[in-house]
Amino acid sequence: LDFITIQNEVEQLLQYRELTPRLEEALGKFSRRDSAEVIQPVRTTVPLQKHSGFLGVMPTYMENDGVLCTKFVCFYKREEGSTLPATKATVMLLDPEYGNVKAVMDGEVITGMRTAAVSAISAKLLMRPEAEVLTILGSGLQALSHYNVFTEMFSFKEIRVWSRTRQSAEGFCRSVSGPVTVCASVEEAVRGADAIVTVTRCTEPVLFGQWVKPGAHVAAVGACRPNWRELDDVLMKEAVVYTDSREGAMAESGDIILSGAEVFAELGDVINGVKPAHRDKTTVFKSLGMGVEDAVSAQLVFDQWKAKASLP
Ligand SMILES: NC(=O)C1=CN([C@@H]2O[C@H](COP(=O)(O)OP(=O)(O)OC[C@H]3O[C@@H](n4cnc5c(N)ncnc54)[C@H](O)[C@@H]3O)[C@@H](O)[C@H]2O)C=CC1
Ligand SMILES: O=C(O)C1=NCCCC1
C-alpha cells in the first residue's frame, strides 16, 4: 500500500464512540509535553488578505504511536450572507520512517467531528452533571457536529439555538430531531442555560457574561485569531478558563489575549489529574483546535479504511 485518497468515505468511517476516547487520550498526552508522545508546534498561519482568510498548517508527530500527520486548513471571515464554508481542510498522513504519503483525506468531517468531540470532553469534565439546558450560538457546520455529539453523550431536556438570522436557526432546527427551539436573541438563548456552545464566525463579542448563569459551562470554538472575539471581558474574567493548548491560546485567542484572562489549565491537565475540574464554578473552555486531534482522527479513519478493505 503506497498512497490512498479517502474523500467522501470519512463520514462513514468515523464514529464519536471510537473517536472521543482517542481524543481524550491524545489531549492527556499533549499536556504531558513528552516529545516521544507528541510534537505539535503552534500552527503556522499565512494570511490570505485578498480573500479575508488564513491558511493554517498543522503538523504533528506522535513517535510512540508511529503517527505523522499534517492538516492544511483555510479559514475565512466571509461576507454576511455568504453560503461558502468558513473552513476547508485537507489532512495528510505520512510514514514517519520513509516520509512517503500514506493517505490524503478530506478534512471537513474530521475538523467538524474532532472539534465537537473535544468540546463534549470539556463538558464531560467541567459541566455540572445535572445540566438540563444546552444553548448553541451559530447554525453552521460546527453547530451541527456539536449538536450531534452533545445529544449523543448527554441527556439535555431543552436545546436552544440562536443564529444571526431566524431563517438559518429555523433551517438548523428542521435538519435535526429532538427538543430544539429557536431563540430570537442571544440573551434569550443563554439566560438559564447550563451549557453554551459558541460556534460563530463573529469577530466581536456575541456572548456577554451578564447573561450567563453562574456555574454554567461555555465551550467557545470560534474567534481563532488574536484580534477576534466571541466572549466579552466580564465572562472571561469571571470564569475559570481552560484551553486545549496554552501556547496556542496565547498566540491565537483574542478572547484570552485581549481580556487579559488567566488560563487556569489545559483540558489535558484535568485528564491527567494534575489540575482540578471546577464544575461548581462558571467555566470557559477556549478551543483553538490542535494538530494532535487531527492526527488521531486521521489514524482512526485510516485504520478503519484498512480494516474495511481487508488490507494488512
Ligand atoms: N476551535 C476549533 O478547533 C475550530 C474552530 N472553528 C471556528 O468555528 C467557527 C464556526 O465554524 P463553522 O461552523 O465551520 O462555520 P460556518 O460558516 O458553517 O458557520 C458559522 C456560523 O456563524 C454565523 N455567523 C457568521 N458571522 C457572524 C457574526 N458576525 N455574528 C454571529 N454569528 C455569525 C453564521 O451565520 C453561521 O451560523 C468559525 O469561527 C471557525 O473558524 C472551525 C473549526 C475548528
Ligand atoms: O483547528 C482547526 O482546524 C481550526 N481552528 C481554528 C480555525 C479554523 C480551523
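Note: the structure precedes this text.
All of the points below concern the structure found in this document. (Residues numbered from 1 in each chain as written. Chains lettered and ligands numbered in written order. Predicted model: local features only at pLDDT ≥ 70, side-chain atom pairs only at ≥ 80, totals over all residues. Heavy atoms only, no water.)

Let's shift gears to the site of ligand 1. Taken together, the neighbourhood of ligand 1 is formed by 23 residues, with Ser139, Gln142, Thr200, Arg201 and Ser287 sitting nearest. Note that a nitrogen atom of ligand 1 is positioned 3.2 Å from one of the side-chain N or O atoms of Arg164. Coverage of ligand 1 by the protein amounts to 87% of the 860 Å² it exposes when considered alone. Those elements that place two or more of their residues in the shell around ligand 1 are α3 (108-126) and α4 (141-153). (Near = heavy atom within 4 Å. Polar contact = N/O pair within 3.5 Å; in protein donor to acceptor, adjacent residues only side chain to side chain. Areas by Shrake-Rupley, 256 points an atom, 1.4 Å probe, with all protein chains shown as cover. Helix = DSSP H or I, 4+ residues; strand = E, 2+ residues; numbered from the N terminus.)

What follows concerns the sheet that holds strand β3 (residues 53-62). To summarise the sheet geometry, strands pair through backbone hydrogen bonds and adopt either a parallel or an antiparallel arrangement. If you walk across this open sheet you meet the 6 strands as β1-β6-β5-β4-β3-β2, and the pairing is mixed. Bordering the open sheet on either side are β1 (4-6) and β2 (44-48), each of which pairs with just one other strand. In this sheet, adjacent strand axes meet at a mean angle of 15 degrees when their direction is disregarded. Strand direction decides the pairing type here: strand β5 (residues 87-94) and strand β6 (residues 101-106), joined by 5 bridges, are antiparallel. Bridge pairing in β6 places Val91 opposite Met105. Taken strand by strand, helix α11 (residues 291-308) contacts β1, β3, β4 (67-76), β5 and β6, and its axis lies near 70 degrees from that of β3. (Pairing = 2+ DSSP bridges. Axes fitted to C-alpha atoms, helices over the stretch in contact; angles between N-to-C directions. Contact = heavy atoms within 4.5 Å.)

Geometric values such as these leave the question of function open.
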